[in-house]
Amino acid sequence: MNNGRIENIGTFDTLADVLLKSIKRQDSQEDVKKAEVKEMPTKKHERMLSIVSVASSIGKEFTEVEQNIQEEVEKGQLSFSMYIQYYRTGASICLLVCMLLLFLIAQVFSNGCDLWVAHWTNGETANAANNTKYTVNVSSAKSNEINNIENSYDFIESQKNYIYIYTIFIAGSIILTTARSLLFYQVCMNASKGLHNKMFSNVLKAPMRFFNTNPSGRILNRFSRDIGAVDEILPKATIDAITAFLVMLGILMMVFIVTPWMILPAVILGILFYFFRRVYLSSAQDIKRIEGVNRAPVFSHISATLYGMSTIRSSKAEEMVIHEFDSLQDQHTGSWFMFLACSGALGFYLDCISLAFLILVTFQFLIMETNSGMSGNIGLVVSSSMILIGMLQLGVRQTTEVSSNMTSVERVMQYTKVEKEEELNPEATEKPKNWPSAGKIAFKNTYLRYAPEDPPALKSLNIVIQPGEKIGIVGRTGAGKSTLISSLFRLAPIDGTIAIDDIDTSTVSLEHLRSNISIIPQEPILFSASIRYNLDPFNKVSDDVIWQALNDVELKDTIESLDQKVCEGGSNFSAGQRQLVCLARAIIRNNKILVMDEATANVDPHTDSLIQTTIRENFKDCTVLTIAHRLNTIMDCDKVLVMDSGKAVEFEAPHRLLQLPGGFFTKMVEKTGPAMEAQLRQIAKIAYKLED
Ligand SMILES: Nc1ncnc2c1ncn2[C@@H]1O[C@H](COP(=O)(O)OP(=O)(O)OP(=O)(O)O)[C@@H](O)[C@H]1O
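As annotated in an unreviewed UniProt entry, the chain carries the name Putative ABCC protein and is attributed to Chrysomela populi. The record held by UniProt for the chain lists under Subcellular location (unreviewed entry) the comment "Membrane".

Visitor: Can you tell me about the overall build of the chain, naming the residues and giving the values?
Guide: Counting its regular elements, the chain contains 22 helices and ten strands. Here the chain holds 692 residues, and 45% of them are scored as buried. In the form shown here, the chain has an accessible surface area of approximately 35,900 Å², with 61% of it arising from carbon and sulfur atoms.

Visitor: Mind laying out the sheet that holds strand β9 (residues 639-644), listing which residues take part and the relevant values?
Guide: Paired through their backbone hydrogen bonds, the strands of a sheet run either parallel or antiparallel. Taking strand neighbours across the sheet as the criterion, the six strands line up as β6-β7-β8-β3-β9-β10 in an open arrangement whose pairing is mixed. Edge strands, defined here as strands with exactly one partner in the open sheet, are β6 (517-520) and β10 (647-652). With direction set aside, neighbouring strand axes in the sheet form an average angle of 20°. The sheet contact formed by β6 and strand β7 (residues 593-597) spans four bridges and is parallel. In the sheet register, Ile517 faces β7, and the bridge partner there is Ile593. Along the sheet face, helix α18 (residues 575-589) touches β6 and β7 and points at about 170° away from the line of β6.

Visitor: Describe the nonpolar core, naming the residues involved and giving the relevant values.
Guide: One recurring pattern in soluble globular proteins: nonpolar side chains tend to sit buried together. Counting residues in hydrophobic clusters, the biggest one holds 32 residues, and the most contacted among them are Tyr86, Met406 and Val409. Contributing elements (two or more residues each) for this core: α5 (80-90), α6 (93-137), α7 (141-204), α9 (216-258) and α13 (375-416). Considering each element in turn, this core owes the most residues, eight residues, to α9. Setting aside its immediate chain neighbours within four residues, Val409 contacts Met82, Tyr86, Leu195, Val230 and Leu234.

Visitor: Run through the packing of helix α17 (residues 543-552) against α18, naming residues and quoting values.
Guide: The N-to-C vectors of α17 and α18 enclose an angle of 130°; their axes lie 9 Å apart at closest approach. In terms of axis orientation, α17 runs oblique to α18. The handedness of the crossing between α17 and α18 comes out as right-handed. Here Val545, Ile546, Ala549, Leu550 and Asp552 of α17 lie close against α18, whose contacting residues are Ala584, Ile587 and Ile588. For the contact of α17 with α18, the class distribution of residues is seven nonpolar, no polar and one charged.

Visitor: Any details on the packing of aromatic side chains? Residues and values, ideally.
Guide: Following the criterion strictly, the structure yields 18 aromatic pairs and no others. Ring centres 6.0 Å apart and planes at 90° place the aromatic pair Phe200 and Phe223 in the edge-to-face group. Within this pair, whereas Phe200 is found in helix α7, its partner Phe223 is found in helix α9, the two being separated by 23 residues in sequence. With relative accessibility at 42%, the residue Phe200 sits in the partly exposed group. Among the residues examined, Phe223 registers a relative accessible area of 22% and is labelled partly exposed. Ring geometry for Phe527 and Tyr533: centres 5.8 Å apart, planes at 75°, overall edge-to-face. An aromatic cluster of at least three residues, connected via ring pairs, comprises Phe109, Trp116, Trp120, Tyr162, Tyr166 and Phe169. Above the face of the Tyr415 ring, Arg222 is positioned so that its terminal group lies 4.2 Å from the ring centre.

Visitor: Explain a nonpolar patch on the surface to me, using residue names and the numbers behind them.
Guide: A contiguous nonpolar patch, built from Ile93, Val97, Leu101, Leu104 and Ile105 and spanning about 440 Å² of accessible area, is present on the exposed surface. Here Val97 lies in helix α6.

Visitor: Give a detailed account of the pairing of strand β8 (residues 623-627), specifying residues and quantitative values.
Guide: Across the five residues of β8, five count as buried, placing the element largely inside the fold. Side-chain alternation along β8 places Thr623, Leu625 and Ile627 on one buried face and Val624 and Thr626 on a second face that is also buried. Note: strand β3 (residues 470-475) against β8, four bridges, orientation parallel. In the strand pairing of β8, Ile473 is matched with Ile627.

Visitor: Lay out the environment of Tyr688 with the relevant residues and their values.
Guide: Relative to the helices and strands, Tyr688 resides in helix α22 (residues 674-691). A relative accessible area of 21% places Tyr688 in the partly exposed class. With 49 residues separating them along the chain, Tyr688 and Lys639 place their C-alpha atoms 9.8 Å apart. Dropping the residues within four chain positions of it, Tyr688 is found in contact with Ala653, His655 and Arg656.

Reading the values: the criteria
Residues numbered from 1 in each chain as written. Predicted model: local features only at pLDDT ≥ 70, side-chain atom pairs only at ≥ 80, totals over all residues. Heavy atoms only, no water. UniProt positions renumbered as here; feature names shortened; annotations may be inferred. Helix = DSSP H or I, 4+ residues; strand = E, 2+ residues; numbered from the N terminus. Buried < 20%, exposed > 50% of the residue type's maximum accessible area, 1.4 Å probe, protein only. Areas by Shrake-Rupley, 256 points an atom, 1.4 Å probe, with all protein chains shown as cover. Pairing = 2+ DSSP bridges. Axes fitted to C-alpha atoms, helices over the stretch in contact; angles between N-to-C directions. Contact = heavy atoms within 4.5 Å. Core = buried A, V, L, I, M, F, W, Y, C linked by side-chain atoms within 4.5 Å. Parallel < 35°, antiparallel > 145°, perpendicular 65-115°, else oblique. Left-handed = near helix turned anticlockwise from the far one by under 90°. Nonpolar A, V, L, I, M, F, W, Y, C, P; charged D, E, K, R; others polar. Phe/Tyr/Trp six-rings, centres within 6.5 Å; stacked < 30°, edge-to-face > 60°. Lys NZ or Arg CZ within 6 Å of the ring centre and 35° of its normal. Patch = residues over 30% accessible without salt bridge, like charges linked within 9 Å, V, L, I, M, F, W, Y side chains within 5 Å. Salt bridge = Lys/Arg side-chain N within 4 Å of Asp/Glu carboxyl O.

Here's what the structure looks like:
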């Protein structure tokens, strides 16, 4: 196919012949060395024959799945320190104390309103009683008239005072309640932002092992659902819970002032309430945690399904995927339903407690005759106790909501404490200027372990790569080729030394080290942004430089503008074009060291040949390490490094290695078949002679 049209059709042999001729035609202009190199990819079956490591990505995914450790689930009651840490992230101690005082004062004003109304009612009742007595006893009409005027004057004055004071209570209550809510939400938002930023920066700096052992769904869950809960649900639930408890406290105080003996049943009911809440909380928190853990696989499954949609459809595995999804969804729904059932049960028990209290309060006014039997007091206590029922429900529901959503804070906190990569070597802060200027790489007794308990994946590596050398890295799958590259970027803890231009990389900051080595990975990574951003994310070069790089990789005609959008994962570009964009990115960065990790494994022979030529031209003076997928791509390298079981077993010019009968490299070349072997030997020989 070419540009969406069928260019040729026929058997494998016919097509191979046609392709061979066409590529030969393209390459005829180039010099002998390049022509020799380029002729090699024309034989398609090389893809099958060339040894090395086609199955690497599949193998890695498998290893990753195997390595995924169980998600850490906290158990038992949330510690109080979690609350302190959460609020301390949002505000200073001083501000928190002010907020607490504001809550209390607002509540005092709010209860003051009720008490004042009761006091007012009692006053009115007493006034009315006095007036009646007075009217009956006084006979003189005149004096009666005068007194009435005076009384009504006093009455209006006292009414005014009642209204003024009531207005003050109402206004104070409104202002203080609004202020405390605004302050509280601000503190919560600060805490939420702080936690998110801390988690984000920690996860970005987490070692590679963290990403290997935590599936993306699990990480996404913390950034979406947990942060969502902390952002939206927790502040509202907390303010509701605090308000409900303060209102309850206020009501109980009023009831105790009016009928002190009610303290006894209140204490008994309080103990019962505490007991129910405790039982509920311990199960609800665990259920909520289980629910959180059961949610992550649903996310992982969806993202994996979307990613592998074409594979699923082509292998007709829809039923299987749907079945898996249903069973994961069932598990999640089961735990969620359990949570709802727990809340329902708690609601029922709380209703019983509140009703018992209300019955006691109401009946005590009938049974007992005390001073408190004034109408205002009775009205205040009964109406407040009825509010108490609603408040108790709301308060407990919201406190449990707070506790269960605090598990999200707990889960976010876990990720804010992820060990950072930099901590591997806290002194690694050097940022040498213009480094590396030559591109010499020296491995001295280097070992790499992916995890302390794992055996070393790289063992006793002692090689020196001279500035500007082109090195091909070969070896069977699992031999340690990618690990060698990982060690260069210090993606895992290393024993021994790796020096670049005689500077130990462990003394250089990771950011500086990594930004000074270019890599073209097997799976090219493109961002969902403009072409310009993809090629020069830090806006360091002019548009001319970018266009020149695109020209070098023959993408100038394909790309209309530097503002052209790249879809998610670069889906509007072919695999080869994505690889070329990565190559253009590497050209723009202009680093002295370039690493290619099987960069040409998934591209067609023409793009492969274009990549090879571009690298030879643009990275002439750079040190280039190539993990080889096809042997022909590295036969003209300065040296070939053969890896086996994490060790460097051969490191020499390919022509010289091929002189070793029974050598690792010789065996690899022999396995490609006599015709290919002859060709490979020929390329190696020419390249060796040209070098001499
Ligand atoms: N992230 C990882 N965590 C733990 N062990 C790993 C990890 N990546 C690789 N290994 C192990 O390190 C060893 C070397 O793997 P590496 O990926 O370097 O091989 P490779 O030569 O690049 O293979 P391939 O050609 O298939 O990509 C293997 O035994 C592998 O299991």
